[in-house]
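Next come the chains, spelled out residue by residue.
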Amino acid sequence: MVRTETSTHCPYCALQCGMKLRPVTDGGVVEVVERTEFPVNRGALCGKGRTAPAVLAAGVRLTGPLVRGAGGELAPASWDEALERVADGLRGTRAEHGADAVGVFGGGGLTNEKAYALGKFARVVLGTSQIDYNGRFCMSSAAAAHQRAFGLDRGLPFPLEDIPRTGCVILVGSNLAETMPPALRYLTELRENGGRLIVIDPRRTRTAEQADLHLAPRPGTDLALALGMLHLVVADGRVDEEFVRTRTNGWDEARAGAMAHWPELVERLTGVPVPQLREAVEMFCGAENGMVLTARGPEQQAKGTDTVGAWINFCLATGRAGRPLSGYGCLTGQGNGQGGREHGQKADQLPGYRKLTDPAARRHVAAVWGVDPDTLPGPGRSAYELLDALGQDVRSLLVMGSNPVVSAPHAGHIEERLKSLDFLAVADVVLSETAALADVVLPVTQWAEESGTTTSLEGRVLLRQQAVTPPEGVRSDLEVLNTLAGLLGHGKGFPADPEEVFDELRRASAGGPADYAGITYARIAAEDGVFWPCPDEEHAGTPRLFLERFATDDGRARFVPVTHRAAAEETDAEYPVVLTTGRVVSQYQSGAQTRRVAELNAAAPGPFVELHPRLAERIGVAEGEAVAVTSRRGRAVAPARITVAIRQDTVFMPFHWPGEGRANTLTNPALDPVSRMPEFKVCAVRVEAAG
Ligand code: SF4
């Protein structure tokens, strides 16, 4: 056997660490080998990446289609039978209830090619506007705030390699040590170079422990905190007047909003003492340059867009944007969260980050697709609204690469909505909790078994290369869409070859905000990725955005006036504690893959409730004893994990598990009015001993 190594990327988070896969047997078993030459992670991987090949094994993953029989059980079926059943289900709903009664739900883990093909399938074959994806739950507030302020959304407008060379980083609501461990080195190097690190998080996480200064605001008050810090910037005369005058619009209104949030008020709202606010402002403004990086903490709120907007205002007022080694960035979470939102599986977007409501964008994409622009549907519902409409306006659903039974807010309700559908088809690698509810389960290939591109949190387009032959009985998502399109009367336009799809995506994105026209598979492989926009094959790509001008019509960034408001659900006598949710290092998102890996389960076997010793004492719970957490939407039970690293008024639960300890049973689906992001990060709960 020739043991050749294949360069590829991890299947999980948006850091998209480089790795090599080396065959271990002739039977398709591979092991992970360090790929030290890939600059982002230089060979480092977290446990999820190291163990990713475990999910390739038969017995862990699906290896044949399943169809629900008359007796109500899922049973093995042929591909012909399964796909005919899906086509019948979707066709029947469309005939009886109209095109918009058919929904499509995609995922932030799908490659660019799959996200593109899925959006095209929904709009051209099904003719439905009802498509969205779980990435809406991940980064939509930062994306909306980016668009509003800069006219363009790319998670990081600069490469990660710039972070160690800036003067000060404010990290808001991100626990990199658990979510992207190899990225922690950028913060370590920052401090080794003399830079300062400020972490804002209600919990004293492993990331917060690395900081020069840790601020622990009450969950849901990040907006007030940002406004209070901007107030101090103004009051202390630290505004970069030259930058504001020459590179921005709208400062007067934003300034007025900040001046209404004087420090003592902000201390009352957030619990962060005024001296700490002052120290943070002095640390940030005292450095020559600086960055603010946000993640899900401030973003997953019913005011997430305004909260991110407040941090962008802070960057603009201090002149920390649109300059080398300065700027605002969002640490996107899902593996292809960035690319997934650029190429058409979002309810309001066409490929290339074009708007579905823009007539010129519709004409351009329709010409690439060979259809009349007037046949393209308009924008549909956002992810939670789509799931909430299941069984009512939306009667049939095709899910690709998503597990909303675990990952959606108010998950018990969404589970019931999924059960009320006339027809549900799920394409996935494993029998996830959502797939287990389906009428038809389509087993699909995964990362190492297929080629395709992803776009990392840096906006770097990467190539995952096929390293192993998939098991018999499994097909790629692109093959599934190809066959379904044919069965539904569209024999052309849905190639199953990823590179062919990518070449079409390049044409569809050409001239759009996320322009991939100059990016090819060969270039990506040769150059360790290419940063978009890249409008032609001679173009070097764009690692750093906005240095000359922002992507607005006049080239100036826009301040957006924002003001603090309470969380959608405040604590009260009945629900006196705040619940916030997040991730642990050894599990990923809904856990559909990682909960099937023995090594990861040994490290993180199940859910827990993290709470402060004083709260534990008050409710009479000791370490490891069962705690019941109840919100207005349901009840979850998990063992206590007692630590002084959390505020006394807050409990934390990781959201990777189904069943009794499912954190999303409790979470609040209140939506941000701009991004339609649900408020995962804050809801009111009651906490009791479950004994
Ligand atoms: Fe994979 Fe993310 Fe871990 Fe890197 S940090 S190995 S991309 S899960």
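Residues numbered from 1 in each chain as written. Predicted model: local features only at pLDDT ≥ 70, side-chain atom pairs only at ≥ 80, totals over all residues. Heavy atoms only, no water.

Q: In this structure, what is going on with the site of the ligand? I would like to understand it.
A: Every residue near the ligand is listed here: Cys 10, Tyr 12, Cys 13, Gln 16, Cys 17, Leu 45, Cys 46, Lys 48, Gly 49, Met 180 and Pro 182. Partitioned by chemical class, the residues of the shell around the ligand number eight nonpolar, two polar and one charged. (Near = heavy atom within 4 Å. Nonpolar A, V, L, I, M, F, W, Y, C, P; charged D, E, K, R; others polar.)

Q: Teacher, can you tell me more about the domain arrangement of the protein here?
A: By convention, interface size is frequently given as the accessible area that disappears when the constituent parts associate. Under the domain assignment used here, the protein contains domain 1 (6-56), domain 2 (66-137 + 335-521), domain 3 (140-334) and domain 4 (577-689). Domain 1 and domain 2 are separated by 26 Å when their C-alpha centres are compared. Contacts between domain 1 and domain 2 engage 22 residues on the former and 19 residues on the latter. In total, domain 1 and domain 2 occlude about 1600 Å² of area from one another, counting both sides; carbon and sulfur atoms represent 65% of this. Joining domain 1 to domain 2, the criterion identifies eight residue pairs in polar contact (both at pLDDT 80 or more). Counting residues per element, the ones that place at least two in the side of domain 1 that touches domain 2 are strand 1 (6-9) and strand 2 (18-23). Ranked by the residues each element gives to the side of domain 1 that touches domain 2, the list is headed by strand 1, at four residues. Looking at the side of domain 1 that touches domain 2 residue by residue, the class counts come to 16 nonpolar, six polar and no charged. (Domains from an automatic or database assignment. Contact = heavy atoms within 4.5 Å. Buried area = accessible area lost by both parts, 1.4 Å probe. Polar contact = N/O pair within 3.5 Å; in protein donor to acceptor, adjacent residues only side chain to side chain. Helix = DSSP H or I, 4+ residues; strand = E, 2+ residues; numbered from the N terminus.)

Q: In this structure, what is going on with helix 15 (residues 359-369)? I would like to understand it.
A: In an α-helix, one turn spans 3.6 residues; hence positions three or four apart end up facing the same way. Residues Ala 361, Arg 362, Val 365, Ala 366 and Trp 369 constitute the buried set of helix 15. An end-on view of helix 15 places all buried positions within 120 degrees of arc, on one side of the element. In helix 15, the exposed residues that point more than 90 degrees away from the buried face are Pro 359, Arg 363 and Ala 367. Those residues of helix 15 that are buried are in contact with helix 3 (112-126), strand 14 (349-350), strand 15 (354-355) and helix 20 (498-509). N-cap assignment for helix 15: the residue whose side-chain oxygen lies 3.0 Å from the backbone N of Ala 360 is Asp 358. In the stretch just after helix 15, Gly 370 is the one whose phi turns positive, near 70 degrees. (Buried < 20%, exposed > 50% of the residue type's maximum accessible area, 1.4 Å probe, protein only. Arc of directions from axis to C-beta.)

Q: Sorry if this is basic, but what is going on with the side chain of Asp 672 here?
A: Residue position: Asp 672 is located in the loop between strand 28 (668-671) and strand 29 (678-679). In this structure Asp 672 is buried but unpaired, with Arg 565 as the nearest side chain of opposite charge at 5.2 Å. A distance of 2.7 Å separates a polar atom in the side chain of Asp 672 from the backbone nitrogen of Val 674. If we skip the residues at most four places from it in the chain, Asp 672 touches Ser 141, Gln 301, Ala 302, Lys 303, Gly 304, Thr 305 and Met 677. (Lys, Arg positive; Asp, Glu negative; His and termini not counted. Salt bridge = Lys/Arg side-chain N within 4 Å of Asp/Glu carboxyl O.)

Q: I keep staring at unusual backbone geometry and nothing clicks. Help me out?
A: What you tend to see is this: most non-glycine residues have negative phi, and most peptide bonds are trans. A cis amide bond links Trp 532 to the next residue, Pro 533, at an omega of -5 degrees. Relative to the elements of secondary structure, Pro 533 occurs in the loop between strand 21 (530-531) and strand 22 (557-558). Non-glycine residue Gln 16 carries a positive phi angle of around 50 degrees. Secondary-structure assignment places Gln 16 in the loop between strand 1 and strand 2. Since its relative accessible area comes to 0%, Gln 16 is described here as buried. Residues other than glycine seldom take positive phi values, yet Leu 325 does so here, at roughly 60 degrees. Turning to its location among the elements, Leu 325 is positioned in the loop between helix 13 (304-317) and strand 13 (327-330). Residue Leu 325 is classed as buried on the basis of its relative accessible area, which comes to 18%.

Q: I would appreciate a short explanation of the sheet that holds strand 21 in the present structure.
A: Judged by pairing direction, the sheet is antiparallel, and its three strands sit side by side in the order 19-20-21 without closing on themselves. Two strands close off the open sheet at either side, each with one partner strand: strand 19 (452-455) and strand 21. Here two bridges tie strand 20 (residues 460-464) to strand 21, and the two strands are oriented antiparallel to one another. The residue of strand 21 that forms the bridge with Val 461 is Val 530. (Pairing = 2+ DSSP bridges.)

Q: Explanation requested: the nonpolar core in the structure shown.
A: Across soluble globular proteins, nonpolar side chains have a tendency to be buried as a group. With 163 residues, the main nonpolar core has Phe 121, Ile 170, Met 229 and Trp 311 as its most contacted residues. Ranked by residue count, the leading element in this core is helix 7 (residues 222-235), at nine residues. By size, the runner-up hydrophobic cluster in this structure holds 24 residues, among which are Leu 397, Val 405, Leu 418 and Phe 680. (Core = buried A, V, L, I, M, F, W, Y, C linked by side-chain atoms within 4.5 Å.)

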